[in-house]
Amino acid sequence: MRAIRRFTVRTSLPPQLAPLAELVRNLRWSWHPETLDLFADVDREAWERVGHDPVALLGAVETGRLLELAADRRFLRRLADAADDLREYLTAPRWYQSLEDAPRAIAYFSPEYGIAAALPQYSGGLGILAGDHLKAASDLGVPIIGVGLLYRHGYFTQSLSPDGWQLEHYPSLDPGGLPLTLLREADGTPATVCVTLDGAQPLRARIWVAQVGRVPLLLLDSGIAENDPMARDVTDRLYGGGSDHRLRQELLLGVGGVRAVRAYCRITGHPEPEVFHTNEGHAGFLGLERIRELTEARLSFAEALEAVRAGTVFTTHTPVPAGIDRFPADMIARQFSGSAWPTVDVANVLELGAEPGPGGDPSVFNMAVMGMRLAQRVNGVSRLHGEVSRAMFRGLWPGFDLDELPIGSITNGVHAPTWMARELLELIGGDHLTGVGDERGWERVDRLSDADLWAVRCRLRTRLVAETRKRLKRAWLRRGAAEAELGWVDQVLDPEVLTIGFARRVPAYKRLTLMLRDPERLTALLLHPDRPVQIVIAGKAHPADEGGKRLIQQIVRFADQERVRHRIVFLPDYDMALAQVLVAGADVWMNNPLRPLEACGTSGMKAALNGGLNLSIRDGWWDEWFDGANGWAIPSAEGVADPDRRDELEAAALYDLLEREVTPRFYDRTADGLPRRWLEMVRHTLRSLGPKVLAGRMLKEYVLDLYTPAAKAAREFAADDHRNAKRFAAWKVRVSRAWPGVRVEHVEGSGAGDTPELGTRLKITATVALGELSPEDVEVQAVYGRVGAHDELIRPDHVTLTMETIHDDGRARYAGVIPLDRTGAFGYTVRVVPSHPLLAAPAELGLIAVPEEPAGMTNGTLR
Ligand SMILES: *Cc1c(COP(=O)(O)O)cnc(C)c1O
């Protein structure tokens, strides 16, 4: 079959309606209900027909209707107001404009973006997070430039076969039919970037700009005539194809992405980014392109690396080893040798992605490891995930305590105006929801009466029920059922019944089918005569994941049974539009991953913003913010090695909670019919979690804790023709070479007596051999704290010792005092670490010297 070439004919609007095109082009409509109302009023029937897609709407409206509107003074007034409002939103100073020293611009790279259902360029949490990151940046006035790829088939859409097997479809998207504008040079020709593949093959791409409020998102598109067929297909699908294909995509995203940013800034006059943020390893090649730029400006690789690292932030998103991008090293070597990279030595490139031993595979190039070496600032996406990542990547910084490894964490957030139901936005809305201005607005929740709060919850549940019936009918028709046999679908779900939502991608660790562990017990919960529950489930399995598809089939087969099909539903094609109805309408949001494999999880946050209560394993964000009263924690059987036994235990705990805690509370009504004890938890959820789960909160943390320090470091490294980058690189070489000569030779503690007591001060002296280094190159520290079962220090503190004397042979005596400030087994040791004003963390170089024997670890038990 010949592929059909699609293109979209754009309507020419009467001049009076020109602002409408402006409104459609800026994706701010996706989180601005008033603008959506205006679109709906253009043509209500067409608006429904095109599935609330504004670009499609403009193509669908009859010319007659447009002429009518062009003469409708009321409509024109509303249109002018909406356009004014957008202009004000785009230009007025926001939170960021009050900061000093913040970066002039930040480039944010991600392989996927979830901005709106009408721009299907996402597969799951990573993309949704990236979309929310840009929207929050826009709300706060953060000058981000987003960079990604435009996939001509997006991610697949999902349907089901008659027997419940996932089927994938790849509808082709025409960029002309999407809310995108082509970036053009001053002479009108499309701006292009070109990346060389395999040393010789040109891969060209155009740059589409999606305007996300104030934030431009550059999407590279290789589907153009100038490319040969292979190159044209590079941006065909999100996460499709083998590793060759993925590598080409990542080269285009990273290398081509930097070139696209340069083109965008040159053409539009936008300030050049001072900070580059790599959202997951896929975009890591951006660092190599920036190194190449600097090596062409005559820096050595090592010098360029320092300058680039200073201004780079890397966020890791997965503790699942299979989720980490790894390529055969020779595949990478092929891309970076040859004439396309004349100033970059391929050996240096390979070193960046080499997995540290032991356990590292020398034939592999690891994108996450490269990400960490290319960024001076690295973070995980929840507190627990930060911890897990430090353990996972500890090989990069051998000898350091886990707590000291330079991987921090910023817990993800969600964009409230996108994910909160309009009813609630209107009741408690305000700038506090976006993070701009007054943070305190959440007390508005207290001003709502129980009756009003319940009325909203019921309205949202009712909407979910209606949407479920509509989608379920569509799904059954696609599965081959006839309309006449689908009468029962109109009775599916009950607007009064406790509703559980469960929706997410379907990798094994998320355990879609844990709820099926004991089918009879689940059935009893669904069909309980007085306290029934109903469950709405959705999720896509990766096209290559047969195991995931089997899980979906199991759920679908269970839900197909006549006796339960009115209480449990699997809805195909989970996307942002379905997510919005689902997170708002569910009373309970259920999540049962294998702890600690959920890096953060965000759908539960969306539910919380709507007053949904979380019922979840304490993983990701829930580990951090569950407080005993804002939902329920499913006990995790993490220590149990047998996975089957573990599932059994955790499933049993889940049923117990549902039977004993969740359903009784929901159905416990006072005389006026209100579930007061339930509403207490709803209110508490909104009040306590509302301010925390916001993407605005997250973005402020990125700006203050990572972007601003990174910009400052980048400026320091770049000043005076990169003087500091050159010096620092030379210092690093010198210190690394001389490090084997650094030794802690002798440690002594005195002044505590034989039976030390709390509050005593211990004098520490140490003799340190500095070898060829000078005292300014190092810091000598006494490290102390409580001693654990394996003679390790638990969350130790440290003090810097001062040098008292130094001999000609490089031996120096250091001294200092540590407080015995905790009872129990107490220990200390002395260590030497590199010291330089431009280091972001002492562990950064992975160099440390400790006493040969832990003799300095004198244990004393305090009473
Ligand atoms: C929020 C969201 C996700 C991410 O959900 P998690 O709970 O983080 O797995 C995935 N898909 C869609 C459509 C979403 O809206």
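None of the values given here were measured: they were computed from a predicted structure.

1. Quick look at the overall build of the chain
Okay, so step 1: Scanning the chain from terminus to terminus reveals 27 helices and 30 strands.
Okay, so step 2: Taken over the C-alpha trace, the chain has a radius of gyration of 29 Å; the compact-globule value for 863 residues is 29 Å, and the two agree within 12%.
Okay, so step 3: Along the first, second and third principal axes, the C-alpha atoms of the chain reach 95 × 70 × 50 Å.
Okay, so step 4: Put simply, 72% of the contacts in the chain that link residues at least 6 apart link residues at least 24 apart.
Okay, so step 5: One finds the centroid of the 102 positive side-chain charges in the chain at a distance of 3 Å from the centroid of its 116 negative side-chain charges.

2. Description of the pattern of salt bridges
Side chains that differ in sign of charge can pair as their charged atoms come close.
Okay, so step 1: Summed over all chains, the structure comprises 67 salt bridges.
Okay, so step 2: Note that E844 and R309 form a salt bridge whose closest N and O atoms lie 2.9 Å from each other. Linking E844 in the loop between β29 (824–834) and β30 (860–862) with R309 in helix α11 (residues 301–310), this pair joins segments that are 535 residues apart in sequence.
Okay, so step 3: A relative accessible area of 7% means that R309 is categorised as buried.
Okay, so step 4: Among the salt bridges present, the one from D644 reaches R517, with a minimum N-O distance of 3.0 Å. Here R517 lies in the loop between β17 (498–503) and α20 (519–526) and D644 lies in helix α25 (residues 643–667), a separation of 127 residues in the sequence.
Okay, so step 5: Looking at R517, the relative accessible area reads 32%, which means it is partly exposed.
Okay, so step 6: Through salt bridges with shared partners, one network takes in R259, E289, R292 and E296.

3. Details of the sheet that holds strand β19 (residues 568–571)
Okay, so step 1: One open sheet holds the six strands; their spatial order is β19-β18-β17-β20-β21-β22, and the pairing between them is parallel. A strand with exactly one partner marks an edge of an open sheet, and here the two such strands are β19 and β22 (631–634). Strand-to-strand twist of the sheet, defined as the mean angle between neighbouring strand axes without regard to direction, takes the value 20 degrees.
Okay, so step 2: In terms of strand pairing, strand β20 (residues 588–591) meets strand β21 (residues 613–617) through four bridges, oriented parallel. Across the sheet, the residue bridging to N591 is S616, located in β21.
Okay, so step 3: Packing against the sheet, α25 makes contact with β17, β18 (533–538), β20, β21 and β22, and its axis sits at approximately 165 degrees to β22.

4. Examining the domain arrangement of the chain
Okay, so step 1: Here the domain parsing of the chain yields domain 1 (15–91), domain 2 (143–266), domain 3 (447–691) and domain 4 (742–862).
Okay, so step 2: A C-alpha centroid distance of 53 Å is found between domain 2 and domain 4.

5. A word on the UniProt feature "domain: DUF3417" (unreviewed entry) in the chain
Okay, so step 1: This chain's UniProt record puts "domain: DUF3417" (unreviewed entry) on residues 13–119.
Okay, so step 2: Between the C-alpha atoms that bound residues 13–119 there is a distance of 23 Å. The span itself is 54% helix and 6% strand.

6. A short note on helix α15 (residues 383–392)
Okay, so step 1: When α15 is considered as a whole, its buried residues turn out to be L384, H385, G386, V388, S389 and R390.
Okay, so step 2: Each element contacted by the buried residues of α15 is listed here: β15 (377–380), β16 (407–409) and α24 (620–625).

7. Focus: the nonpolar core
Okay, so step 1: Formed by 105 residues in total, the largest nonpolar core has its most connected members in M515, L522, I537, I568, L615 and W678.
Okay, so step 2: Here the element with the most residues in this core is α25; it accounts for nine residues.
Okay, so step 3: Dropping the residues within four chain positions of it, W678 is found in contact with W454, L498, D587, V588, L613, W632, V662, R665 and F666.
Okay, so step 4: If you look at the next biggest cluster of nonpolar residues, it comprises 95 residues, including F109, M331, V349 and W731.

8. Some details on the sheet that holds strand β23 (residues 743–750)
Okay, so step 1: Spatially, four strands are ordered β23-β24-β28-β27 in an open sheet, and the strand pairing comes out antiparallel. Looking at which strands have only one partner, the edges of the open sheet turn out to be β23 and β27 (802–806). Adjacent strand axes in the sheet meet at a mean angle of 25 degrees, parallel and antiparallel pairs treated alike.
Okay, so step 2: Direction of pairing for strand β24 (residues 761–769) relative to strand β28 (residues 811–819): antiparallel, over a ladder of nine bridges. Among the inter-strand pairings, T765 is bridged to a residue of β28, identified as A815.

9. Digging into the UniProt feature "modified residue: N6-(pyridoxal phosphate)lysine" (unreviewed entry) in the chain
Okay, so step 1: Under the UniProt annotation, "modified residue: N6-(pyridoxal phosphate)lysine" (unreviewed entry) lies at K606.
Okay, so step 2: Here K606 lies in helix α23 (residues 603–609).
Okay, so step 3: A residue is classified by how much of its surface remains accessible, and K606, at 4% relative accessible area, is buried.
Okay, so step 4: Every residue in contact with K606, bar those within four places of it in the chain, is listed here: I128, V414, W419 and V583.

10. Quick look at the environment of D518
Okay, so step 1: Take D518: it is sitting in the loop between β17 and α20.
Okay, so step 2: For D518, a relative accessible area of 33% corresponds to the partly exposed category.

11. A word on the site of the ligand
Okay, so step 1: Neighbouring the ligand are 14 residues; W419, K510, T602, S603 and K606 lie closest to it.
Okay, so step 2: A distance of 2.8 Å separates an oxygen atom of the ligand from a polar backbone atom of T602.
Okay, so step 3: In the model, an oxygen atom of the ligand is placed 2.6 Å from a nitrogen or oxygen of the K606 side chain.
Okay, so step 4: Against a free-state accessible area of 390 Å², the protein chains account for coverage of 96% of the ligand.
Okay, so step 5: Broken down by secondary-structure element, the contributors of at least two residues to the shell around the ligand are α7 (125–140), α22 (576–585) and α23.
Okay, so step 6: Across the shell around the ligand, the residue classes break down as five nonpolar, five polar and four charged.

12. Looking at the confidence of the model for the chain
Okay, so step 1: With 97% of its residues at a pLDDT of 70 or more, the chain has an overall mean of 94.
Okay, so step 2: Confidence drops under pLDDT 50 across residues 855–863; counting only partners more than four residues distant or on other chains, this segment forms 31 contacts.

13. Quick word on unusual backbone geometry
Okay, so step 1: The amide bond that connects G357 to the next residue, P358, takes the cis arrangement and shows omega of -5 degrees.
Okay, so step 2: For P358, the position within the fold is in the loop between α13 (346–352) and β14 (364–366).
Okay, so step 3: Looking along the chain, the bond that leaves R595 and enters P596 is cis, with omega of 5 degrees.
Okay, so step 4: Among the structural elements, P596 can be located in the loop between β20 and α23.
Okay, so step 5: At D198, a position not held by glycine, the phi torsion is positive, near 50 degrees.
Okay, so step 6: Mapped onto the fold, D198 is located in the loop between β8 (192–197) and β9 (201–212).
Okay, so step 7: Residue classification places D198 among the partly exposed residues on the basis of a relative accessible area of 35%.
Okay, so step 8: Backbone geometry places L493, a non-glycine residue, at a positive phi of 65 degrees.
Okay, so step 9: When you line up the elements, L493 lands in the loop between α19 (450–478) and β17.

14. What about empty space enclosed by the protein?
Okay, so step 1: Summed over all chains, the structure comprises six cavities of 30 Å³ or more.
Okay, so step 2: If you add up the space inside the largest cavity, you get close to 110 Å³.
Okay, so step 3: Around the largest cavity, the lining comprises 14 residues; the ones closest to its centre are L472, W476, R479, D560 and F570.
Okay, so step 4: Listed by contribution, the elements that provide at least two residues to the lining of the largest cavity are α19, α21 (546–560) and β19.
Okay, so step 5: By residue class, the composition of the lining of the largest cavity is eleven nonpolar, no polar and three charged.

15. Observations regarding helix α10 (residues 285–296)
Okay, so step 1: Along its twelve residues, α10 runs 17 Å from first to last C-alpha, staying within 8% of the 16 Å computed at 1.5 Å per residue.
Okay, so step 2: With ten of twelve residues buried, α10 lies mostly within the body of the structure.
Okay, so step 3: Following α10 by one or two positions, R298 adopts a phi angle in the positive range, close to 80 degrees.

Reading the values: the criteria
Residues numbered from 1 in each chain as written. Predicted model: local features only at pLDDT ≥ 70, side-chain atom pairs only at ≥ 80, totals over all residues. Heavy atoms only, no water. Helix = DSSP H or I, 4+ residues; strand = E, 2+ residues; numbered from the N terminus. Rg over C-alpha atoms; globule rule 2.2 N^0.38 Å. Contact = heavy atoms within 4.5 Å. Lys, Arg positive; Asp, Glu negative; His and termini not counted. Charge placed at Lys NZ, Arg CZ, Asp CG, Glu CD. Salt bridge = Lys/Arg side-chain N within 4 Å of Asp/Glu carboxyl O. Buried < 20%, exposed > 50% of the residue type's maximum accessible area, 1.4 Å probe, protein only. Pairing = 2+ DSSP bridges. Axes fitted to C-alpha atoms, helices over the stretch in contact; angles between N-to-C directions. Domains from an automatic or database assignment. UniProt positions renumbered as here; feature names shortened; annotations may be inferred. Core = buried A, V, L, I, M, F, W, Y, C linked by side-chain atoms within 4.5 Å. Near = heavy atom within 4 Å. Polar contact = N/O pair within 3.5 Å; in protein donor to acceptor, adjacent residues only side chain to side chain. Areas by Shrake-Rupley, 256 points an atom, 1.4 Å probe, with all protein chains shown as cover. Nonpolar A, V, L, I, M, F, W, Y, C, P; charged D, E, K, R; others polar. pLDDT = per-residue confidence, 0-100. 1 Å grid on protein atoms, 1.4 Å probe; cavity = no way out; pocket = protein on both sides within 12 Å on 5 of 7 lines; lining within 4 Å. Points joined across faces, edges and corners; volume = space filled by probe spheres on them. Expected span 1.5 Å × (residues − 1).

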